[in-house]
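Below, each chain spelled out in residue letters.
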Amino acid sequence: MSQDKSFEIETGTKSRRRFIQIAGAAGMAGIAGCGGDGGDGGDGGDGSDGSDGSDGSDGGGGGAASIETQFWEEWPVESKGSDVNDEAIQFEYTAVEGETVPQVDTHFAQAETPWMREFALLVQQSMNDIGVGVNLINVQPSTRYGEFWRADIGHPVPITMNLHGPDPQRGLDPNPFLMRAHPETGGNYYNYKNDEVTELLDEQASTIGDTEARAEICHEIQRKLNEDAYLIAANFPEVITVANTADWEGYVPTPGNGTTRDSFIWTQVNLQPQGDSTTWVKGVTSGMQGTNLPFSSGGQEEKRLLNVYDGLFDASPQLEIVPALATNADVVDDTTVEMDLREGVEWHDGESFGPSDVKFSVEFYKEHNAPQQAAFIRTIDSVEVLSETGGGRVRFNLTEPDAAFLTQRVVRSAIIPEHRWSDVDSPSEYNPENPVGTGPFSFVNWEQGAELRLEKHENNWMWDDDVREELLGEYFVPGDGIDEMVHANVGNVSTLIGAMQSGDIDAIGTTVSNAQADRAANPSGVEKQTSRNYVPTDVHLSHLVPLFRDKTFRVALSHAFDKEGFVENTLGGRGEAIEGQNLITPLLTPYHGETEPYEYDVDAARTMLQEAGYTFDGDDNLVWPEGDAWDAFAERVENGHASRADLDQPDFS
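Presented here is an overview of the structure given in this document. Everything quoted here is computed from the prediction, not taken from an experiment. (Residues numbered from 1 in each chain as written. Predicted model: local features only at pLDDT ≥ 70, side-chain atom pairs only at ≥ 80, totals over all residues. Heavy atoms only, no water.)

With that out of the way, let us pick up the overall build of the protein. Within the protein, the secondary structure is distributed over 21 helices and 26 strands. Counting every position in the protein, which comprises 653 residues, the buried fraction comes to 58%. Counted over contacts in the protein with a minimum sequence separation of 6, partners at least 24 positions apart contribute 72%. Element-wise, carbon and sulfur atoms account for 41% of the exposed surface of the protein, whose accessible area totals about 24900 Å². (Helix = DSSP H or I, 4+ residues; strand = E, 2+ residues; numbered from the N terminus. Buried < 20%, exposed > 50% of the residue type's maximum accessible area, 1.4 Å probe, protein only. Contact = heavy atoms within 4.5 Å. Areas by Shrake-Rupley, 256 points an atom, 1.4 Å probe, with all protein chains shown as cover.)

Below, the discussion takes up the nonpolar core. With 69 residues, the main nonpolar core has Trp 266, Leu 312, Met 339 and Phe 396 as its most contacted residues. The element that contributes the greatest number of residues to this core is helix H10 (residues 355–368), accounting for 5 residues. In this structure, Phe 396 is in contact with Leu 312, Thr 335, Thr 336, Val 337, Met 339, Val 358, Val 362, Phe 376, Ile 380, Ser 382, Val 383 and Phe 405, ignoring residues within four places of it in sequence. (Core = buried A, V, L, I, M, F, W, Y, C linked by side-chain atoms within 4.5 Å.)

Attention now moves to unusual backbone geometry. Looking along the chain, the bond that leaves Thr 589 and enters Pro 590 is cis, with omega of 5°. Take Pro 590: it is sitting in the loop between strand E24 (575–577) and helix H20 (602–611). In this structure, Asp 648 takes a positive phi of about 55° despite not being glycine. Mapped onto the elements of the fold, Asp 648 is located in the segment after helix H21 (627–639).

Helix length check: H10, at 14 residues, gives a terminal C-alpha distance of 20 Å against a target of 20 Å (1.5 Å per residue), a fit within 8%. Pro 355, Asp 357, Val 358, Phe 360, Ser 361, Val 362, Phe 364 and Tyr 365 are the residues of H10 that are buried. Structurally, H10 contributes buried residues whose contacts are with strand E15 (336–341), helix H11 (374–377), strand E16 (380–387), strand E17 (393–398) and helix H13 (418–421). Of the residues one or two after H10, Asn 369 is the one with positive phi, at around 55°. (Expected span 1.5 Å × (residues − 1).)

Now for the sheet that holds strand E20 (residues 484–489). Across the sheet, 7 strands lie side by side as E18-E19-E20-E11-E21-E8-E22; this open sheet has mixed pairing. Both outer strands of the open sheet, strand E18 (441–447) and strand E22 (526–531), are each paired with one neighbouring strand and no more. (Pairing = 2+ DSSP bridges.)

It is worth spelling out the pattern of salt bridges at this point. A complete count under the given rule lists 32 salt bridges for this structure. Among the salt bridges present, the one from Glu 220 reaches Arg 223, with a minimum N-O distance of 2.8 Å. Taken together, the residues Glu 220 and Arg 223, both in helix H7 (residues 211–228) and 3 residues apart, mark about one turn of the helix. (Salt bridge = Lys/Arg side-chain N within 4 Å of Asp/Glu carboxyl O.)

Counting buried positions over the 5 residues of strand E23 (residues 537–541) gives 5, a clear majority of the element. As paired strands, strand E6 (residues 159–163) and E23 are joined by 5 bridges and run antiparallel to one another. Looking at E23, one finds that Ile 159 is bridged to Leu 541. As defined by bridge partners, strand E7 (residues 232–237) adjoins E23 across 3 bridges and the pair is classed as antiparallel.

The next point concerns the environment of Thr 278. With respect to the helices and strands, the residue Thr 278 is situated in the loop between strand E10 (272–273) and strand E11 (279–284). According to the relative accessible area criterion, Thr 278 is partly exposed, its value standing at 30%. As a C-alpha pair, Thr 278 and Ile 482 span 204 residues in sequence and 5.1 Å in three-dimensional space. With residues near it in sequence (within four places) discarded, Thr 278 still touches Trp 248, Pro 273, Ile 482, Asp 483 and Glu 484.

This part takes up the packing of helix H18 (residues 551–559) against H20. The geometry of H18 relative to H20 is characterised by a closest axis approach of 8 Å and an angle of 165° between their N-to-C directions. Taken together, the axis directions place H18 and H20 in an arrangement best described as roughly antiparallel. Read as a crossing pair, H18 and H20 show a hand that is left-handed. Residues Thr 552, Phe 553, Val 555, Ala 556 and His 559 of H18 touch H20, and the partners they reach there are Val 602, Ala 605, Met 608 and Leu 609. Residue classes in the contact of H18 with H20 are distributed as 7 nonpolar, 2 polar and no charged. (Axes fitted to C-alpha atoms, helices over the stretch in contact; angles between N-to-C directions. Parallel < 35°, antiparallel > 145°, perpendicular 65-115°, else oblique. Left-handed = near helix turned anticlockwise from the far one by under 90°. Nonpolar A, V, L, I, M, F, W, Y, C, P; charged D, E, K, R; others polar.)

Attention now goes to the packing of aromatic side chains. What the rule picks out here adds up to 22 aromatic pairs. Aromatic side chains Phe 119 and Phe 561 sit 6.2 Å apart centroid to centroid with 80° between the ring planes, which places their arrangement in the edge-to-face category. Linking Phe 119 in helix H3 (residues 116–129) with Phe 561 in the loop between H18 and helix H19 (563–569), this pair joins segments that are 442 residues apart in sequence. Residue Phe 119 shares its accessibility class with Phe 561, and that shared class is buried. Measuring from centroid to centroid gives 6.3 Å for Phe 295 and Trp 421, while their planes differ by 25°, and the two rings are stacked. Separated by 126 residues along the polypeptide, Phe 295 in the loop between E11 and helix H9 (300–304) and Trp 421 in helix H13 bring together distant segments of the chain. Note on Trp 421: relative accessible area 2%, which makes it buried. An aromatic cluster of at least three residues, connected via ring pairs, comprises Phe 295, Phe 360, Phe 364, Tyr 365, Trp 421 and Tyr 430. Lying over the aromatic face of Trp 463, Lys 456 brings its terminal NZ or CZ to 4.7 Å of the ring centre. (Phe/Tyr/Trp six-rings, centres within 6.5 Å; stacked < 30°, edge-to-face > 60°. Lys NZ or Arg CZ within 6 Å of the ring centre and 35° of its normal.)

A word on the sheet that holds E16. The 4 strands are arranged E14-E15-E17-E16 in an open sheet whose pairing can be described as antiparallel. The open sheet has two free edges, formed respectively by strand E14 (326–333) and E16, since each of these has just one partner strand. Sheet twist, expressed as the average angle between the axes of neighbouring strands with direction ignored, equals 20°. When E16 meets E17, the two strands line up antiparallel, connected through 6 bridges. Across the sheet, residue Ile 380 finds its bridge partner in E17, namely Leu 398.

This part takes up a negative patch on the surface. Taken together, the side chains of Glu 184, Glu 199, Asp 202, Glu 203 and Glu 400 make up a negatively charged region of the molecular surface. Along the chain, the position of Glu 184 falls in the loop between helix H5 (175–178) and helix H6 (195–205). (Patch = residues over 30% accessible without salt bridge, like charges linked within 9 Å, V, L, I, M, F, W, Y side chains within 5 Å. Lys, Arg positive; Asp, Glu negative; His and termini not counted. Charge placed at Lys NZ, Arg CZ, Asp CG, Glu CD.)

Our focus in this paragraph is the side chain of Thr 267. By the secondary structure assignment, Thr 267 is in helix H8 (residues 266–270). Residue classification places Thr 267 among the buried residues on the basis of a relative accessible area of 3%. Polar contacts involving the side chain of Thr 267 include one to the main-chain amide nitrogen of Val 252, which spans 2.9 Å. From its side chain, Thr 267 meets the backbone oxygen of Thr 259 in a polar contact 2.7 Å long. (Polar contact = N/O pair within 3.5 Å; in protein donor to acceptor, adjacent residues only side chain to side chain.)

So this is what it looks like as structure tokens:
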């Protein structure tokens, strides 16, 4: 097929303001309606907005029906603001009866992983194979997270490719992925809304104390989302890292994190030096922006400072919930949880840790809206100190039944010392010169863009062999561990590989490709290490867009996406193709549910589109339906969750 832009990757950092300006210039008045009545020609499309008709409008008021980008309804989320519906849609994508389907802007972040560019090309090829052009736009990860992914506006383009971070809570509970399909959560960047799914999501989230019952509901949600083809869930790529195993032993291959990344702490506390040095140096490609974990914008400071701050609970390498500052949890009723705290814990400055620090942390986070602790405190109404005896006992009063509180939320917690933070008036602007926590490492030095240096905190329980053996099982290695850990910002992966081979660093703290790992490995003990993953690679389809509002198109696209080929050809077999459109990994037992796969079959996908009334022009571009087929298309778009067969529509091929 021919495309206006058969291959183009643009490097851009379009701002939110720019998108709003575009939308404003084109006129937002017609956004909310469906022009598929066959009569008024939508917004007229007379070209007064400066368009030439290539955006899908009729360009000359020719009377063709159209359907524009639109929300399902007024946003029900209070946090999105009262005027959000006036400006939230930041782009236009119009379906015009009988005209060529316009190309689709698609965001990806090439810097996220070594193979993201190839993944972007797969998305482009899949769309091309069913007649739709794709304009690939490479954006910086910082731009995506800091500007484009605001919870109140969603993605600024029709397709956004995504690589979820290996945060522990994503492998412990189904909510971090399933609740993204809920219309009242900030993570629903693709503006999906299905009332049946929403009802089930609410039901599972409030099912406390009955894991089996909650799992059954989650399985049903996964079946419905998969049948609805709400996005493209591609694969679980293995985590490939590189480390020196001649001078160090005790690497822990935690799913999602691998052996050397920063989201889990197990390798750091289990490593045992075999050579002359007791300082373990990890090379990284990006530095921290500050030393304030709870009020950071996420990123590296959140993950690396978790070596300094403990949470209430942690996640084991087997993705089980294990004690940390709290040693147990008692569910009193659906909205009340009590915890005993570990006895004998000291802050790094020698002060004693106690239950008042837990109460202070929660109240401080709530009062000052700590962004990186929002998941932890979201359903906490209040904290009571029940006892100061031993380590102390606290009670959490929740605002609602919350099945995820004892999984993802408490694992995400970071407890700060009241005696160091109580006088901080503007915590979001605070950058501690010497962050103090109770974690296994204490702060030594940070030079922005250069290094973070931490040293062993002897009093932390993780250094106890018995405790560590119980938590790490087969990965446990006895010994005193390392004395010091350094994150050295080396710059890029090529430099990291050179530093590994020269012995300047002991490990690479980011994922690398198969080829890069093979290049770094050598006979002197530098090894490629792999781990399984619970972090999916997915493709977000904006359900504001009429093309993706048509379930028949989404199903056809699912059949045109070669997941297996990507795993075999690009990942070199180092990954697992996801069956169906399901973001929940089989590692997440018992919440993972079986879903029907979409067989890779481009011919079947094209036939499906033709039966639904789409046609192909002489250049093999997809063309919107016409006449009765257009009316059927408009009916599917209005429904959003029914295919041609579901609505008993005729075969238009």
